[in-house]
Amino acid sequence: MKRSIAVFIVFAIAIALVPLGGNNFFVQQATFVAMYCTLALSWNLIGGYAGYPSFATAAFVGLGAYAGALLQNAGIPMVFAWAGATLVTGVFAALLGFGLLRMKGHYFAVGSISIVEVLRLIASSWSSLTGGGEGLNLPILAGGPEFAGRLYLFAMLSMMVIAFGMTVWVDRGRLGFGLRCIEQNEDAADMVGINVTRYKTMGFTLSALCCGTVGAISASWVAYIAPTDAFSILMTLKVPVMVLLGGPGTILGPVIGATGFVLLEQTVWAQFLDYNQAALGIVIVLLIFFLPGGLLGLTRRTSRIPATAAHPVSQEPPAATGHPAAVETVTQAQSSKGVHA
Amino acid sequence: MEFLQVIVNGLTLGALYACLAVGFSLVWGVLNVINMLHGSLIILGGYLTVYAWQHWQVHPLVALLPVAGLLFLLGWVVQMTMINRLVRQPVLTTLTVTFGLDLILYNAMNVVFDATPRRVTLDLGTLSLGDVVLPWDRVIAFALALGLTLALYAVMRTSKMGRAIVAVRMDRDAAELLGIRIDRVYAMTFAIGAGLAGACGALMALVFPITTNISGLILGKAFVVCVIGGLGTVPGALVGGLALGLIESFGGNWFGPQNAVLIGFGLMLILLMTRPTGLLGRKGYE
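Residues numbered from 1 in each chain as written. Chains lettered and ligands numbered in written order. Predicted model: local features only at pLDDT ≥ 70, side-chain atom pairs only at ≥ 80, totals over all residues.

A. Structural context of the overall build of chain B. Counting its secondary structure elements, chain B contains eleven helices and two strands. Scanning chain B from its N terminus toward the C terminus, one meets helices and strands in the order α-α-α-α-β-β-α-α-α-α-α-α-α. Each principal axis of the C-alpha distribution contributes one length, and for chain B these read about 60 × 45 × 35 Å. Buried positions account for 53% of the 286 residues belonging to chain B. Look at the contacts in chain B between residues 6 or more apart in sequence, and 80% of them connect residues 24 or more apart. (Helix = DSSP H or I, 4+ residues; strand = E, 2+ residues; numbered from the N terminus. Buried ≥ 20, exposed ≤ 12 C-beta atoms within 10 Å, placed from the backbone. Contact = placed C-beta atoms within 7 Å.)

B. Examining helix α8 (residues 182-207) of chain B more closely. Spanning 26 residues, α8(B) covers 38 Å between terminal C-alpha atoms, matching the ideal 38 Å at 1.5 Å per step. In terms of residue burial, α8(B) counts as a mostly covered element, since 22 of its 26 residues are buried. (Expected span 1.5 Å × (residues − 1).)

C. Looking closely at the environment of A:Arg180. Residue and element names in this part refer to chain A. The residue Arg-180 is located in helix α8 (residues 174-184) in this model. Note on Arg-180: 20 C-beta atoms within 10 Å, which makes it buried. Separated by 99 residues in sequence, Arg-180 and Ala-81 place their C-alpha atoms 34 Å apart.

D. Summary view of the packing of helix α2 (residues 24-49) of chain A against helix α13 (residues 253-267) of chain A. All names here are of chain A. Orientation of α2 relative to α13, taken along the N-to-C sense of each, is 140°, at an axis distance of 8 Å. Our classification of the angle between α2 and α13 gives oblique. Seen from above, α2 lies across α13 with right-handed handedness. Packed against α2, whose contacting residues are Gln-29, Phe-32, Val-33, Tyr-36, Cys-37, Ala-40, Leu-41 and Asn-44, the element α13 presents Pro-254, Val-255, Gly-257, Ala-258, Thr-259, Phe-261, Val-262 and Gln-266 at the interface. When the residues that make up the contact of α2 with α13 are grouped by side-chain class, the tally is eleven nonpolar, five polar and no charged. (Axes fitted to C-alpha atoms, helices over the stretch in contact; angles between N-to-C directions. Parallel < 35°, antiparallel > 145°, perpendicular 65-115°, else oblique. Left-handed = near helix turned anticlockwise from the far one by under 90°. Nonpolar A, V, L, I, M, F, W, Y, C, P; charged D, E, K, R; others polar.)

Treat this as a map of the structure, not an account of what it does.
Laid out in C-alpha cells, this is it:
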C-alpha cells in the first residue's frame, strides 16, 4: 500500500514536470494520461471494488461537459463552472443509482450503457439548450495556447490526484470493505448487516463525481462539444478496458492501465490510421485471453491462491454479525464454496 | 385513416426489429453473453447482399440464404475458437471481448466496403389497401422477417438441437448431466444468432440504406427488444419487436421522428428498473 502511494507520487510529479520540456505535444499527451487515469480510477470504485460492470462513464463525462459548457456560456467563471458540473453529475448519479443499482450483472451492464445513449439522444434533440447536433462552442481561454495547455494539464493532474486520494480513502475505509464484500457475495453481505444499497449508491456516486469534472475540463480544453464526442460509446468501453489492463480492485492498477493504454494508443496506433479501431479491438481480445488479471496480476499470481481453501465449509459464522471480522469469515466461507463464481 | 397507416408502418418495422433481435436474444438467454458483435454482423449481411447485387446481379432474395450460411459459419468459428473459452466469465469480460471483436469487424468492413450508405433498390411499386399505402419491398421484408422468426421458432420446437438449446437455457448443469454437449450447443446457438443476423441484414438492405455507422443503433434496438419482450425466447423477441415498432411509429407520429428512438430507450430503462424479466414473464419453454 505504502509502496503504491510512493509510486503514484513519483508518477504525478513526473507528469507535473512534463511542461519543463517545453514541447506542447508532450504536454497534450500528459494531459490525456492524467485525464484517463482519473476516469479509470473513478470507474475502479464501482467496477473494481464492487464488481458492478458499469458502462456509464461516458454518460457522466458527457453530462459534466454539457453542464460545464452551459454554465460557462452563462457567464460563470471557468473553475466555478467545473465545480457546478461536478455537483450536477454527482446528483444525477445518486438519483440514477437508486434505479440502476437494483439490477445486477447483464441487466446492469445494458442499463448503464443505455444511459449513455439516452443522454446522447437528449443532447442531440434538445437543440434550444444544447445546440443539437451542431454542438456548443465555449469561450477560448485568454493567454495563448502555451499557457492554456499548461493550465489544463494541471487541472487534469489535480483531478488525478483527487481521484487517487479518493481511492486510497475508499480502499482503507469502511466503504471499500463494504464494496469488496458486495463484490464477493452481495446476498451474504446484505445478510450480515451491510447496508448494500447505501454502499453501492455511494460507490456509484463517487465514481461519477470526477468523471463530471473531467468532462467539464475537457470541454473547456477543446472549446467545443458535440453529442457524439461527449457521449462516446467507445470511451465508455475504453475506460473499463484500461482498468482490466492494469488490474481491477487495486489502487495502482487503473493508473498503470490508463497510462499504458494512452501511450500505446498515441504512439503505436497513430501510425495505422485506417486500422485504428481494429488495433484497439485486437488489444482488447489479447488482453482478455492472455492477461486476465491485468498487469498487476502478473506480479501477484502466486500470492492470490486463496488461503481459505483449507477452511471447512461448514464453519459456523461468529455470533456477532455486523462486525467486520464476521463478514469476512462469512464471505470467505462462501467464496471457498465457490458460490460467487 | 392516418391511424391505420401508422399501425401498419409500426408492424412492418416491428417484424424487422423482431428478426433483428431474435438472434441476439437467443445468445443472451442461452450463453448469458451480451453479444456486442450483433449489430456489425447485421451490417455485414446487408453489405454482402448489396455487393452481390451490384457486382454479380444476384437477386437479394437469392443471396439471402448463402449470406445467412456464411455468417452462420463465421459465428460457429468465433464461438468455438474464442467465446466458448470465456463463457462462464463475468459479464464485464464477455461484453468487452465481443466489443473488441466488433471493433475489428467494423474496421474491416470500413476498409473493404467503405462506409457509404447503400441499399438494394428493386422498384417494385407500392401496394395500396384502402387508404394504407405500402411499398412492395417493405411488404416482402416484413413477410420474410416474420417468416424467419417463425422458422426459428419451429426449429427450436421440433429439432433435436433446438430442444437441446432450450434445455441448456433452462438449466445448463442439468443439461450437461443428461449428456448434452454444452460447447456444441453454445456454438450452434451463436451460429444461429449470426446466421439470422446475416439474413436480417439482407432484408434491411431492401428497406433502408445500410452503413457501418448504424451498427450501434441496431445493437441498441436489440437491447430494447430483448428487455421489452424478455430474454432468450422467440415469442419474447416477436412481442418485443412488434411492440417497439408500434411504439416508435406512434411516438414518431406524436412527438416527431427524432424522439422516437428516445421513447424506446426510455421505456426500456423504466422496464429494466421495474420489471426486468420482460413483458412475457420469466422463461419461455417454447
